[in-house]
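Residues per chain, in single letters:
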There are 2 protein chains.
Amino acid sequence: MSERYTLHEDPCSGNCYKIKLTAALLSTPLETKQYDILAGETRTEDFLENVNLNGRIPVLQIDGGGQSRFLPESNAVCWYLAHGSRLIPQDRLGQADMLRWMFFEQYNHEPNLATLRFWMRFVGEANLSDRQRAQIETKRSAGNDALRVMDEHLAGRDFLSGDSVSLADIALFPYTHLAEEGGFALRSFRHLRAWITRIEALPGFAPMA
Amino acid sequence: MSERYTLHEDPCSGNCYKIKLTAALLSTPLETKQYDILAGETRTEDFLENVNLNGRIPVLQIDGGGQSRFLPESNAVCWYLAHGSRLIPQDRLGQADMLRWMFFEQYNHEPNLATLRFWMRFVGEANLSDRQRAQIETKRSAGNDALRVMDEHLAGRDFLSGDSVSLADIALFPYTHLAEEGGFALRSFRHLRAWITRIEALPGFAPMA
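This is a predicted model, so every value here is computed, not measured.

A. Spotlight on the UniProt feature "domain: GST N-terminal" (unreviewed entry) in chain A. As recorded in UniProt, the sites labelled "domain: GST N-terminal" (unreviewed entry) are residues 3-89 of chain A. Counting secondary structure, residues 3-89 of chain A comes out at 30% helix and 25% strand; the distance between its end C-alpha atoms is 23 Å.

Structure (structure tokens):
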């Protein structure tokens with residue numbers, strides 16, 4: 001069955017980049033439709049009703065068999081696109097171990113690294129609310145913990161899960177390689193820096209726009 | 001291959017309960033080893049070195065073939081235990097849609113509902129740090145948003161993903177049915193309340209200890 005994919009995205013978002021990187025590594029054609037998060041374009045009545053009730057991007061629109069279906073959540077979209085490919089291990093423990101890093105990404109990594117990048121680079125520190133400002137130190141410390149866990153895990157390993165690149169690496173690459181935009185220092189994480197270089201050297205790698 | 005499973009857990013944790021509920025619904029034998037999070041028992045050198053570098057539970061210990069392997073992250077453990085079972089849809093979109101709710105759980109739900117429950121019920125509001133106190137309103141509002149998204153999605157549906165119970169429901173059940181311990185009101189979410197009753201009526205359902 002032939003399907004057509006349209007990614008509803010904001011090009012500034014690392015969560016959207018994950019999906020474009022998955023598609024690039026698999027040579028899967030992917031159209032895109034851009035939204036401006038800061039301008040509230042993902043909170044309109046039309047978006048909430050037809051694209052994602054949760055008011056968030058990325059969302060993958062899957063057209064085929066005469067219907068359109070909409071799949072939210074960046075890591076679930078990567079899973080869908082990579083179905084049956086070398087980016088998902090086929091063995092039971094390998095698959096669970098890869099998912100382990102993808103859940104780690106959503107819980108320990110993204111809320112700290114992506115949020116601080118968004119605040120520092122796009123909102124501007126001077127424009128933060130008191131409530132946001134009160135969270136900076138907590139997010140700084142938790143984000144550094146997540147980077148340290150990855151760095152220690154990567155000592156003696158080329159990739160986060162298994163012996164070759166998988167969705168675990170793709171999920172964690174975007175906001176790790178953008179960490180310095182959020183004020184994190186990658187200097188002291190040498191295994192992480194080597195891993196970033198390794199990902200960037202993959203055949204088919206596409207840089208963030 | 002026969003494997004033996006030991007769950008490293010804290011019985012107060014909803015993340016650990018997810019795994020016990022998965023095992024109960026599948027009649028999979030599961031031994032448990034208890035830790036007290038508040039007493040720092042998951043931050044000891046031994047735990048960090050041998051069980052989980054990230055200092056967190058739950059972790060599933062898988063014994064078989066003469067070796068022990070350790071799998072962290074509650075949702076990855078549920079995935080491992082439910083491999084090949086009716087709790088994971090076999091079709092490509094069904095699987096991705098189920099994972100969508102499991103990522104939603106880790107990003108939009110758990111950090112708000114589980115954290116407020118932990119602070120209100122176990123730490124005590126009077127003992128919170130200023131930094132924690134400053135996050136209450138943000139977490140209250142984001143937690144209510146997550147409950148609303150689930151409630152609206154469940155209007156006219158019996159389960160979160162597909163036509164039967166899946167890991168999507170199991171991942172979201174624990175902290176939803178405990179929401180009131182964190183100060184959330186389930187009163188106005190009638191589809192959610194019906195879904196909770198539906199989960200509790202499943203054959204093999206095990207309540208939280």
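There is more to say, and it comes next.
B. Quick peek at the side chain of R100(A). Relative to the helices and strands, R100(A) resides in helix α4 (residues 92-123). Apart from the residues within four sequence positions on either side, R100(A) is in contact with H153(A), N52(B), L71(B), P72(B), E73(B) and A76(B).

C. The arrangement of the relation of the copies chain B and chain A in detail. Once turned by 180° and shifted 0.0 Å along the axis, chain B lies on chain A with an RMSD of 0.0 Å. Such a combination of turn and shift is consistent with a two-fold rotation axis. A shared interface surface links the copies, since 100% of the contact residues of chain B are contact residues in chain A too.

D. Layout of the nonpolar core. Counting 117 residues, the largest nonpolar core has L167(A), W195(A), L167(B) and W195(B) as the members making the most contacts within it. Contacts of W195(A), omitting those with residues within four sequence positions, involve M150(A), L154(A), D158(A), F159(A), L160(A), D169(A), L172(A), F173(A) and T176(A).

E. Representation of unusual backbone geometry within the structure. Residue and element names in this part refer to chain A. The step from I57 to P58 runs through a cis peptide bond, and the omega angle for that step is 0°. Even without glycine at this site, S27 takes up a positive phi of about 55°. Along the chain, S27 turns up in the loop between α1 (14-25) and β2 (31-34). Looking at S27, the relative accessible area reads 64%, which means it is exposed.

Reading the values: rules and limits
- Residues numbered from 1 in each chain as written.
- Chains lettered and ligands numbered in written order.
- Predicted model: local features only at pLDDT ≥ 70, side-chain atom pairs only at ≥ 80, totals over all residues.
- Heavy atoms only, no water.
- UniProt positions renumbered as here; feature names shortened; annotations may be inferred.
- Helix = DSSP H or I, 4+ residues; strand = E, 2+ residues; numbered from the N terminus.
- Contact = heavy atoms within 4.5 Å.
- Least-squares fit on C-alpha atoms with pLDDT ≥ 70 in both.
- Core = buried A, V, L, I, M, F, W, Y, C linked by side-chain atoms within 4.5 Å.
- Buried < 20%, exposed > 50% of the residue type's maximum accessible area, 1.4 Å probe, protein only.

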